[in-house]
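# Remarks on the overall topology
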Amino acid sequence: MNSPGHDPHRTIKMFFLSSAVWFLVGTTEGFIDATHMAAPDLLGSIGWLSFGRMRPIHTNTVIFGFVGTALLGISHYIAPVLLKTPLYSSAMARISLWVWNLSVLVGTITLALGFSQGREYAEWIWPVDIGILTTLFLSTLNLLGTIYQRNERILYVSIWYSLGGAIFIFFIYLFGNAVWNPLSGAIEGGIADGVLAWFYGHGLVGFFLTPLAVGAAYYIIPIVARSPLYSHTLSIVGFWSILMFYNQIGAHHILQAPTPTWLKVIAVTGSVAMLVPVLTALTNLFLTMRGRIGTIHADIGGKFVFAGLVWYFFVCIQGPFQSLPIVQRVTHFNNWVIAHSHIAVLGFSGFIALGGIYFILPRIMGRDLHNTKLADLQYWMVLIGLTGFFVVLTGLGLIQGNSWLNGETEYRLLPQIHMYFVIRAGLGLFIVSGAAIGLYNIFFSIREPRIREAAK
Ligand code: HEM
Ligand code: HEM
């Protein structure tokens, strides 16, 4: 299936490079969003720069463009290595790469022009949905083909996660975007559509970002720790329990809406039960790393993945807690949730995505990164920015939530909380700079051998 003489890693490198580009674009958009909140009049009334357009552009770019692209690249790399066989079709992988990137680009431009389906994380219009679905379909097919022709009988847990993630997200994306109803992108009005929208919204993080990131961590951690996985049985228990609980908890996003009570009960109990798969995976990985934290941190990829797992722990302790209706009375509808989103998507899946890039690149290039110190600098810039985000946004959320609970008039609070928005925008600059450093480093890590070859 692969043409002779073809560099099997070229597509993987392009997945990583394009992820780095989207990281910089996405964080710049996030910075513009943050500027709107700190100085609402600064950017005037330019349509494509308005908050209503820039916010979905930011969220979709970071989720699909930055984290999604990197995780897809990582799973395309991991599968052939673990299955001891070449990728089933490198042509299919190339098409996946370009269709995916084209979709993110068209989605970004059309949102900037004001075309939106108006449902969170499903804002992209239907031609873009077709592109995303095409990639997800091809990636699943490619993975299945690689599994079929494998030379390794045992399917390591990372393969389970990659395959499970690929299959589930295809259907969740299809239904969540109501692709058969291209004009509205919704099934119908009212609460039924809200339920579907959040089945999709949480499915996107639970069946796309989570399995691919956890699968990558399962692959990388034993290698950088130079220690076999603590327990294969535990890893499979974690996989099946994720499938069991994750798909029915989306309604925890709409506990404050007229959602049927039975659904809310299922969502809340399922959210608390999520502690089972999360703690199973984390215990397994932390026992694998026991006594080897220094060895892991000696590899910059391992260092990023380790931080991603620590964030995963905090995200998934916070998640069940904020699913409780009594807690959501304070934490819903304010910046507490924005803090959670950032430690989840950037802290957990984003850090593991970056770790995967920095772990895999030197291995496929056969030499060190262009500059490991720069990767370390990026690590600290993003970590400082994100930790700051978490502290500032959580504090801000608690102030907003309590004032609401006490019946205060919200707009009177604005002068008091203005400084929090200014600090958040400032912290954002750390993350934007980290993304710029990462793009520079990844670009030259990929480019250098060609320059060297040309000089020979
Ligand atoms: C144990 C696992 C988790 C639970 C129980 C959980 C729970 C929740 C709850 C209850 C909310 C809604 C809060 C509100 O609106 O008041 C929420 C929001 C969110 N969660 Fe999680 N979470 C978990 C893990 C994750 C992970 C792993 C990710 C990402 C990889 C993630 C990403 C998000 C995002 C992006 C939102 C914001 C959605 C929005 O309103 O736009 N969560 N989570
Ligand atoms: C320069 C860095 C960043 C800044 C300044 C920033 C800022 C923002 C702002 C202002 C919002 C809108 C919040 C609101 O509606 O109240 C937002 C939403 C969001 N951002 Fe970022 N962001 C940055 C980086 C990132 C990164 C790297 C990721 C993920 C990898 C990310 C993921 C998200 C998500 C998932 C939401 C939706 C949150 C929700 O509705 O709960 N952001 N961001």
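Above this text you will find the structure in question.
This text gives an overview of the structure that appears in the document. (Residues numbered from 1 in each chain as written. Chains lettered and ligands numbered in written order. Predicted model: local features only at pLDDT ≥ 70, side-chain atom pairs only at ≥ 80, totals over all residues. Heavy atoms only, no water.)

### Remarks on the coordination of the iron atom of ligand 1
Here is the rule we go by: As a rule, N, O and S atoms within 2.8 Å of a metal are its donors, except that Na, K and Ca use 3.2 Å; water is not among the atoms, so sites may look incomplete. Segments assigned H or I by DSSP are reported as helices when at least four residues long, segments assigned E as strands when at least two residues long, and all are numbered from the N terminus.
Looking at the iron atom of ligand 1, one finds just one donor atom contributed by the protein, H340 (NE2), at 2.2 Å. Turning to its location among the elements, H340 is positioned in helix α13 (residues 335-365).

### Observations regarding the site of ligand 1
We apply this condition: Any residue with at least one heavy atom within 4 Å of a molecule or strand is counted as near it. Counted as a polar contact is a pair of N or O atoms within 3.5 Å, where, for protein atoms, one must be capable of donating a hydrogen and the other of accepting one, and residues adjacent in sequence contribute only when both atoms are in side chains. Under the convention adopted here, Pro, Cys and the residues Ala, Val, Leu, Ile, Met, Phe, Trp and Tyr are nonpolar, Asp, Glu, Lys and Arg are charged, and Gly plus all remaining residues are polar.
The environment of ligand 1 is made up of 25 residues, and the closest members are E120, Y121, H252, H332 and H340. In this structure, a nitrogen atom belonging to ligand 1 sits 3.3 Å away from a side-chain N or O atom of Q322. H340 places a polar side-chain atom, nitrogen or oxygen, 3.0 Å from a nitrogen atom of ligand 1. Its residues placed into classes, the shell around ligand 1 shows twelve nonpolar, twelve polar and one charged.

### Here we look at the nonpolar core
Rules: As used in this record, nonpolar core signifies buried Ala, Val, Leu, Ile, Met, Phe, Trp, Tyr and Cys residues forming a set joined through side-chain atoms within 4.5 Å. Throughout this description, buried means an accessible area under 20% of the type-specific maximum (1.4 Å probe, protein chains only), exposed means over 50%, and partly exposed covers the range between. By the convention used here, residues are in contact when the closest approach between their heavy atoms is within 4.5 Å.
Grouped together as the largest cluster of nonpolar side chains are 131 residues, with contacts concentrated most on F64, F208, Y218, L309, F351 and L361. Each residue touching F208, except ones within four places of it in the same chain, is listed here: G68, L72, W100, L136, I169 and G203.

### So, the site of ligand 2
Residues in contact with ligand 2 amount to 27 residues; listed here are only the nearest, R55, H58, S341, H342 and G428. H58 has a polar side-chain atom sitting 2.8 Å from a nitrogen atom of ligand 2. Note that an oxygen atom of ligand 2 is positioned 2.6 Å from one of the side-chain N or O atoms of S341. The set of elements that each furnish at least two residues to the shell around ligand 2 consists of α1 (10-38), α2 (51-83), α13 and α15 (414-455). Residues belonging to the shell around ligand 2 are distributed by class as follows: 16 nonpolar, seven polar and four charged.

### Things to note about the coordination of the iron atom of ligand 2
The line we're drawing: Angular criteria define each label, namely tetrahedral for four donors with all angles between 85 and 135 degrees, square planar for four and octahedral for six donors with opposite donors over 155 degrees apart and remaining angles between 65 and 115, and irregular for whatever fails these tests.
Taken together, the protein donors to the iron atom of ligand 2 comprise H58 (NE2) and H342 (NE2), at separations of 2.0 Å. Every donor counted, the six donor atoms about the iron atom of ligand 2 form angles of 88 to 180 degrees at the centre, which fits octahedral coordination. On the criterion of sequence distance, the pair formed by H58 in helix α2 and H342 in helix α13 is long-range, its members being 284 residues apart.

### Here we look at the pattern of salt bridges
Opposite charge on two side chains allows them to pair when their charged atoms are near. Where we set the bar: Whenever Lys or Arg places a side-chain nitrogen within 4 Å of a carboxyl oxygen from Asp or Glu, that contact is recorded as a salt bridge.
Enumeration over the complete set of coordinates arrives at five salt bridges. Between E152 and K84 there is a salt bridge, with its nearest N and O atoms 2.8 Å apart. With E152 in the loop between α4 (126-148) and α5 (157-176) and K84 in the loop between α2 and α3 (90-112), this pair connects stretches of sequence that are 68 residues apart. One salt bridge in this structure joins R119 and D193, with 2.9 Å as the shortest N-O distance. One end of the pair, R119, is in the loop between α3 and α4; the other, D193, is in helix α6 (residues 190-225), with 74 residues separating them in the sequence. For the pair shown, R119 and D193 are each scored as buried.

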